[in-house]
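# Structure assessment
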Amino acid sequence: MALVAVLASCGGLPSRADADRLLTLGGYAPLTTDEHVAVFGELAPSDATTLDAHLGMGTLINAQHSQGYIQQASGPISQIFGAQHNVATAGGAYIERAAAVAIVLPSAPATPPAFTVPFSPNPLFVGRDAELERLYKLLRPDAPVALVPAIAGTGGIGKTQLAVEFAHQYRDRFPGGMFWLTMTDDASARTQVADYAGPRALNLPGWQAMSFEDRIAAVRAAWQQQDVRLLIFDNLEDPALLRWRPTSGGCRVLMTSRRQNWYRHSGVEVLSLDVLARADSLRLLLTPRYDGQAAHSEERAAADAICEELGDLPLALALAGAYLEATPSMSLDAYLERLRAASVDHPSLNVLLDEGLPTGHAPSILATFDLSYDRLDASQPTDALARRLLHGAAWCAPVAIPRRLLLRAAGLDPDDMDAQVEGDAALHRLAAVGLIEPLPDKALRLHRLLAAYARSRTDHPTGDCLAVEQALVVESELLDMDYPQATQPYLDHLHLAVSRAGSRSDSVVGRCAS
C-alpha cells in the first residue's frame, strides 16, 4: 500500500501505537512527532510537554491548538527532536514521508456519517416486519461479523426494496455510515469504492491527490477500522465479488441476490424472501387506487383473486396497483378476467411507468424473468438440462414439487445415482440464477408467474406437459405399491393435471385421475 494511503488510514485509529503498528506492517518507520500531529491533530503527551517548555507557552499543547503550533514551530521542533521532524525542510530519505504528511495534514471538517443509499423510502412499502427484525439481529454490532446475511429470492420478490427499507429504518444504528454498492462486476465495484474516498462518503484527508488505486486502498483500510458501518452489496450474483467484504473491523455487510444456494464456507447466511402475506398484498395492490380508503365490499373478492393470480409477488402487485390507479374506469372484475387470459403477457405487468419504480427496478415481469432465464446457456449440458427441468416444473402446481418428479419428467431415472448427480447440478444452477426455490426437504418450488413465463419460453409446451403427466403416473404408481402415504406430495400435481386435461380421455389422464 502506498504511504499516503497508509497515513490516511491512520487518522481513524484510536492511538499513535495503533498507527505505528499499521505503518510497520506496511514496511514504514513509526510516526515522527510532527507526523503524529498531522494525523491525529495533537502531540503525544511527552513531546507536547517538551515543546511546551521550550516555547514557554505555560500550558500543554492541546488537540485544538497543536495543528497551528506544529506549523509555526517547525524550527524549534527541528532543534528539539532532530532535523528529521521538520516537515517543511525534510529531505533525503524523508521526502516521501514529508510529501505524504503534506497530503494528510489538512484536517477535514467534521461531517455526518456517510449515507449513500441511492433510493428514498418507499411510501407503499408493506409488511416484512419479521424480516427486518431478523436482519438487525444478524447485523447488530455484537453479532458474528463472519456472517453476511443475503436477502435471496426470485426476481421481483422485493430484495432490494427490503434492503432500502432496512437502511432507512436502522440508519442510526451504524454511526460509521452506510455504503451502497451495486455489484454488477468487479470493475464497477472498484469505481464505486474509489469514489467513496471523496466528499460524498468518507472524505478522506488528501483524497484529491491520491491515485485511483490509492483511493481504493484507503477506503478498504478505513473499512477495516472498528467503526460500526454497513456495506450493502446489491444484486451480488458472482461469489467472487465477496472479496470486497472487509476481513476485519466493525463493518457489517448485507447482500441482495437472486442466488439462493451459497456454500457454508462463504460465510453467507441466506434469508430466503417469501411472497407477501395476503393482507399486505391487498394493501399494496389497492392503496394506489383507493388511497387508504376501503375498497367496495363487492370488489374485495376480485382483489383477493387478483393477488392469488399474481402469486402475491411484490413487483407484480406494484405494477398492477399502478395500472389500476391509471385506469380508474376498469373494474377489478374486468381486470381479473383479462389477467387470467394473458397472465405474464398482460400489459399491466410490462409497462413503462412515467415515474419508474422506487428502486429503479425494471417495470416489467417479462424483463425481470428474462434476466435470470437468459443466464442459462443452452449450449452447455448442465444449463440445457436446467431449462428442461424448469419447463417441466412449469406444468406442476405452485406448491412443493418432489425432486423425483422433476427428474423423471426431464428423462432422468431418479433411482440412478449418476442421473441424480446430473440433476443436482442442473437444479443447483436454477437456484443460482433465481429461477427455482430449494426447500428444506429437497423438494423445489416454482412461483406461479415464473411457471407461466417458463411455459411461454419452451419450444415444446405440449411435450413438456405430457412428460410431467407421464412422470406423475409412474411415480405415483411406484410409490403407491410401496407405501400409499408417500403419494401425498403428488396429489396437488395430479389434480392440476386432471383439471388441465379437461375433456381429454387418453390413458394418461385416466391413470392420473385414478
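Everything here concerns the structure above.
Let us now look at a negative patch on the surface. A cluster of acidic residues, Asp-413, Asp-416, Asp-418 and Glu-422, forms a negative patch on the protein surface. You can see Asp-416 is positioned in the loop between helix H18 (403–409) and helix H19 (417–432).

Attention now moves to the pattern of salt bridges. This structure, assessed with the given rule, holds 22 salt bridges. When the shortest N-O distance is used, the salt bridge between Arg-278 and Asp-312 registers 2.9 Å. Here Arg-278 is found in helix H12 (residues 278–290), whereas its partner Asp-312 is found in the loop between helix H13 (297–309) and helix H14 (314–326), with 34 residues between them in sequence. Arg-278 gets classed as partly exposed once you look at its relative accessible area, which sits at 23%. One salt bridge connects Arg-445 with Glu-437, and the closest N-O pair in it is separated by 3.0 Å. Through salt bridges with shared partners, one network takes in Arg-278, Asp-304, Glu-308, Asp-312 and Arg-448.

The next point concerns the side chain of Asp-280. Summarising the element assignment, Asp-280 is placed in helix H12. At a separation of 3.3 Å, a polar atom in the side chain of Asp-280 contacts the side chain of Arg-283. With residues near it in sequence (within four places) discarded, Asp-280 still touches Val-126 and Gly-127.

Moving on, we come to the sheet that holds strand S1 (residues 148–152). Sheets are built from strands that pair by backbone hydrogen bonding, the pairs being arranged parallel or antiparallel. An order of S2-S3-S4-S1-S5 is seen for the five strands of this open sheet, with the pairing classed as parallel. Strands with a single pairing partner mark the edges of an open sheet, and in this sheet they are strand S2 (178–182) and strand S5 (268–272). On average, each strand axis in the sheet is tilted by 20 degrees relative to the strand beside it, whichever way the strands run. With three bridges connecting them, S1 and strand S4 (residues 251–257) associate as parallel partners. Across the sheet, residue Ala-152 finds its bridge partner in S4, namely Ser-257. The sheet contacts of helix H11 (residues 212–223) involve S2, strand S3 (229–234) and S4, and relative to S3 the element is tilted by about 120 degrees.

What counts and what doesn't
- Residues numbered from 1 in each chain as written.
- Predicted model: local features only at pLDDT ≥ 70, side-chain atom pairs only at ≥ 80, totals over all residues.
- Heavy atoms only, no water.
- Patch = residues over 30% accessible without salt bridge, like charges linked within 9 Å, V, L, I, M, F, W, Y side chains within 5 Å.
- Areas by Shrake-Rupley, 256 points an atom, 1.4 Å probe, with all protein chains shown as cover.
- Salt bridge = Lys/Arg side-chain N within 4 Å of Asp/Glu carboxyl O.
- Lys, Arg positive; Asp, Glu negative; His and termini not counted.
- Charge placed at Lys NZ, Arg CZ, Asp CG, Glu CD.
- Helix = DSSP H or I, 4+ residues; strand = E, 2+ residues; numbered from the N terminus.
- Buried < 20%, exposed > 50% of the residue type's maximum accessible area, 1.4 Å probe, protein only.
- Polar contact = N/O pair within 3.5 Å; in protein donor to acceptor, adjacent residues only side chain to side chain.
- Contact = heavy atoms within 4.5 Å.
- Pairing = 2+ DSSP bridges.
- Axes fitted to C-alpha atoms, helices over the stretch in contact; angles between N-to-C directions.

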